[in-house]
Amino acid sequence: MDIRIGIGYDVHQLAPGHELKLGGIVIPHTQGTVGHSDADALIHSIIDAMFGAAGLEDIGTHFPDSDPQYKGIDSKSLLRLAHQKISDAGYEIVNLDSTIMLQEPRVKAHISVMHKTLSSTLEISEKQISIKATTTEKMGFIGEEKGVAAQAVILLKKL
(Lines give C-alpha, C1' and ligand atoms only; values in the text may rest on other atoms or scores of the structure.)
Protein backbone atom coordinates (compact mmCIF):
# COMPACT_ATOMS: atom_id res chain seq x y z
CA MET A 1 0.00 0.00 0.00
CA ASP A 2 1.33 3.47 -0.91
CA ILE A 3 0.90 5.63 2.18
CA ARG A 4 2.27 9.11 2.79
CA ILE A 5 2.50 11.32 5.87
CA GLY A 6 2.35 15.12 5.79
CA ILE A 7 2.90 17.74 8.48
CA GLY A 8 1.45 21.24 8.43
CA TYR A 9 1.94 24.24 10.67
CA ASP A 10 0.38 27.69 10.61
CA VAL A 11 0.31 30.75 12.83
CA HIS A 12 -1.78 33.92 12.77
CA GLN A 13 -1.73 37.11 14.77
CA LEU A 14 -4.66 37.91 17.06
CA ALA A 15 -6.10 41.43 17.10
CA PRO A 16 -9.30 43.19 18.14
CA GLY A 17 -11.87 43.82 15.40
CA HIS A 18 -11.45 40.44 13.69
CA GLU A 19 -13.35 37.15 13.96
CA LEU A 20 -11.60 34.20 15.56
CA LYS A 21 -11.89 31.41 13.00
CA LEU A 22 -10.63 27.92 13.79
CA GLY A 23 -11.63 24.63 12.23
CA GLY A 24 -14.11 26.34 9.94
CA ILE A 25 -16.15 27.97 12.70
CA VAL A 26 -16.27 31.35 14.41
CA ILE A 27 -15.43 31.27 18.12
CA PRO A 28 -16.65 34.22 20.19
CA HIS A 29 -13.73 36.23 21.58
CA THR A 30 -12.50 39.79 21.98
CA GLN A 31 -9.74 39.17 19.40
CA GLY A 32 -9.65 37.37 16.08
CA THR A 33 -7.20 36.04 13.54
CA VAL A 34 -5.54 38.40 11.07
CA GLY A 35 -4.57 37.32 7.57
CA HIS A 36 -5.14 37.59 3.84
CA SER A 37 -7.91 34.96 3.89
CA ASP A 38 -10.08 34.39 6.97
CA ALA A 39 -6.85 33.34 8.76
CA ASP A 40 -8.08 29.94 10.00
CA ALA A 41 -4.77 28.54 11.30
CA LEU A 42 -6.18 25.04 11.86
CA ILE A 43 -7.48 24.65 8.31
CA HIS A 44 -4.30 26.17 6.86
CA SER A 45 -2.16 23.65 8.75
CA ILE A 46 -4.39 20.82 7.47
CA ILE A 47 -4.04 22.05 3.87
CA ASP A 48 -0.25 22.21 4.20
CA ALA A 49 -0.19 18.69 5.65
CA MET A 50 -2.34 17.42 2.75
CA PHE A 51 -0.19 19.07 0.09
CA GLY A 52 3.01 17.88 1.78
CA ALA A 53 1.85 14.28 1.97
CA ALA A 54 0.78 14.29 -1.68
CA GLY A 55 4.03 15.95 -2.80
CA LEU A 56 2.16 19.03 -4.04
CA GLU A 57 4.34 21.77 -2.47
CA ASP A 58 2.53 24.07 0.00
CA ILE A 59 -0.51 26.27 0.62
CA GLY A 60 1.30 29.42 -0.55
CA THR A 61 2.05 27.83 -3.91
CA HIS A 62 -1.59 26.94 -4.57
CA PHE A 63 -3.31 29.87 -2.81
CA PRO A 64 -0.80 32.76 -2.66
CA ASP A 65 -1.58 35.68 -0.37
CA SER A 66 -0.55 37.98 -3.23
CA ASP A 67 -3.59 36.82 -5.24
CA PRO A 68 -6.61 39.10 -4.71
CA GLN A 69 -9.06 36.25 -5.37
CA TYR A 70 -8.14 34.77 -1.98
CA LYS A 71 -8.61 38.04 -0.02
CA GLY A 72 -11.03 37.28 2.82
CA ILE A 73 -11.89 33.82 1.42
CA ASP A 74 -13.47 31.24 3.71
CA SER A 75 -10.74 28.68 4.42
CA LYS A 76 -13.28 25.86 4.07
CA SER A 77 -13.37 26.75 0.34
CA LEU A 78 -9.59 26.41 0.20
CA LEU A 79 -9.82 23.08 2.06
CA ARG A 80 -12.32 21.77 -0.50
CA LEU A 81 -10.01 22.83 -3.35
CA ALA A 82 -7.00 21.23 -1.62
CA HIS A 83 -8.96 18.02 -1.04
CA GLN A 84 -9.86 17.95 -4.74
CA LYS A 85 -6.20 18.41 -5.67
CA ILE A 86 -5.04 15.46 -3.54
CA SER A 87 -7.94 13.36 -4.86
CA ASP A 88 -6.91 14.26 -8.42
CA ALA A 89 -3.37 13.14 -7.51
CA GLY A 90 -4.84 9.75 -6.51
CA TYR A 91 -4.87 10.04 -2.71
CA GLU A 92 -7.49 9.73 -0.01
CA ILE A 93 -7.33 10.65 3.66
CA VAL A 94 -6.78 7.84 6.15
CA ASN A 95 -6.68 10.05 9.23
CA LEU A 96 -5.93 13.55 10.43
CA ASP A 97 -4.48 14.54 13.81
CA SER A 98 -4.23 18.20 14.79
CA THR A 99 -3.45 20.52 17.68
CA ILE A 100 -4.54 24.11 18.25
CA MET A 101 -2.20 26.22 20.41
CA LEU A 102 -4.09 29.13 21.97
CA GLN A 103 -3.98 30.68 25.43
CA GLU A 104 -7.48 32.20 25.36
CA PRO A 105 -10.27 31.50 24.73
CA ARG A 106 -10.46 27.86 25.71
CA VAL A 107 -11.77 25.98 22.67
CA LYS A 108 -12.58 22.55 24.08
CA ALA A 109 -16.33 23.26 23.98
CA HIS A 110 -16.07 24.05 20.24
CA ILE A 111 -14.12 20.99 19.14
CA SER A 112 -17.18 18.82 18.43
CA VAL A 113 -18.51 21.46 16.00
CA MET A 114 -15.07 21.68 14.37
CA HIS A 115 -15.14 17.88 13.95
CA LYS A 116 -18.52 18.06 12.19
CA THR A 117 -17.44 20.99 10.01
CA LEU A 118 -14.16 19.40 8.90
CA SER A 119 -15.80 16.00 8.41
CA SER A 120 -18.43 17.53 6.16
CA THR A 121 -15.94 19.69 4.24
CA LEU A 122 -13.52 16.79 3.64
CA GLU A 123 -16.30 14.21 3.17
CA ILE A 124 -14.72 11.84 5.68
CA SER A 125 -15.89 10.33 8.95
CA GLU A 126 -15.50 12.29 12.18
CA LYS A 127 -13.67 9.20 13.48
CA GLN A 128 -10.87 9.98 11.00
CA ILE A 129 -10.29 13.38 12.60
CA SER A 130 -8.61 14.27 15.88
CA ILE A 131 -8.51 17.85 17.16
CA LYS A 132 -6.76 18.73 20.39
CA ALA A 133 -6.11 22.09 22.04
CA THR A 134 -3.40 23.29 24.37
CA THR A 135 -2.02 26.50 25.84
CA THR A 136 1.62 27.49 26.10
CA GLU A 137 1.38 28.11 29.85
CA LYS A 138 1.46 31.89 29.24
CA MET A 139 4.84 31.69 27.46
CA GLY A 140 5.72 33.28 24.12
CA PHE A 141 3.44 35.08 21.66
CA ILE A 142 0.70 32.47 22.16
CA GLY A 143 0.85 32.72 25.93
CA GLU A 144 0.78 36.51 25.68
CA GLU A 145 -2.41 36.18 23.58
CA LYS A 146 -0.79 37.78 20.54
CA GLY A 147 -1.35 34.82 18.24
CA VAL A 148 -2.63 31.33 17.58
CA ALA A 149 -0.83 28.36 16.04
CA ALA A 150 -1.99 25.02 14.73
CA GLN A 151 -0.26 21.86 13.67
CA ALA A 152 -1.66 18.96 11.66
CA VAL A 153 -0.42 15.54 10.64
CA ILE A 154 -2.23 13.63 7.93
CA LEU A 155 -1.95 10.11 6.57
CA LEU A 156 -2.89 9.62 2.91
CA LYS A 157 -3.17 6.40 0.95
CA LYS A 158 -2.96 5.92 -2.79
CA LEU A 159 -6.23 4.90 -4.36
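Residue numbers here run from 1 along each chain, matching the order of that chain's written sequence. Local features in this predicted model are restricted to residues whose pLDDT is 70 or higher, and side-chain atom pairs enter the listing and the counts only when it is 80 or higher, whereas totals over whole chains, interfaces and linings include all residues. Computation of side-chain values covers all heavy atoms of the structure but excludes hydrogens and water.

Q: Would you mind showing me how to read the overall build of the protein chain here?
A: Helices and strands together make up the secondary structure of the protein chain, namely five helices and seven strands. A helix here means a DSSP run of H or I that spans at least four residues, while a strand means a run of E at least two residues long, and both kinds are numbered starting from the N terminus. Reading the protein chain from its N end, one meets helices and strands in the order β-β-β-β-α-α-α-β-α-β-α-β. Only C-alpha atoms enter the radius of gyration, while the globule expectation follows 2.2 Å times N to the 0.38, with N the number of residues. The C-alpha radius of gyration of the protein chain comes to 15 Å, within 12% of the 15 Å expected for a compact globule of 159 residues. Overall, the C-alpha framework of the protein chain stretches about 45 × 35 × 25 Å when taken along its three principal axes. Evaluated residue by residue, the protein chain yields a buried proportion of 48% over its 159 residues. Contacts: residue pairs with any heavy atoms within 4.5 Å of one another. Long-range pairs, those at least 24 residues apart, make up 72% of the contacts in the protein chain between residues at least 6 apart in sequence. Accessible area is worked out with a 1.4 Å probe on protein chains only. A residue is then buried under 20% of its type maximum, exposed over 50%, and partly exposed in between.

Q: Can you walk me through the packing of helix α1 (residues 41-54) against helix α4 (residues 111-122) in this structure?
A: Orientation is described by lines fitted to C-alpha atoms, with helices fitted over the stretch in contact, and by angles between N-to-C directions that extend from 0 to 180 degrees. One way to put it is that α1 packs onto α4 with a least axis distance of 13 Å and a crossing angle of 40 degrees. In terms of their interaxial angle, α1 and α4 are classed as oblique. Pair α1 / α4 crosses with right-handed handedness. Contacts between α1 and α4 involve Leu42, Ile43, Ile46 and Met50 from the first element and Met114, Leu118 and Leu122 from the second. Geometric relationships in this document are graded by angle, where less than 35 degrees denotes roughly parallel, more than 145 denotes roughly antiparallel, 65 to 115 denotes roughly perpendicular, and other angles denote oblique. Here a crossing is called left-handed whenever its near helix is offset anticlockwise from the far helix by less than a right angle, and right-handed whenever the offset is clockwise.

Q: How should I be thinking about the environment of proline 16 in this particular structure?
A: With respect to the element layout, proline 16 can be found in strand β1 (residues 3-16). Residue class for proline 16 comes out exposed when judged on its relative accessible area of 61%. Separated by 28 residues in sequence, proline 16 and histidine 44 have C-alpha atoms that sit 21 Å apart. If sequence neighbours within four positions are ignored, proline 16 has contacts with Thr30 and Gln31.

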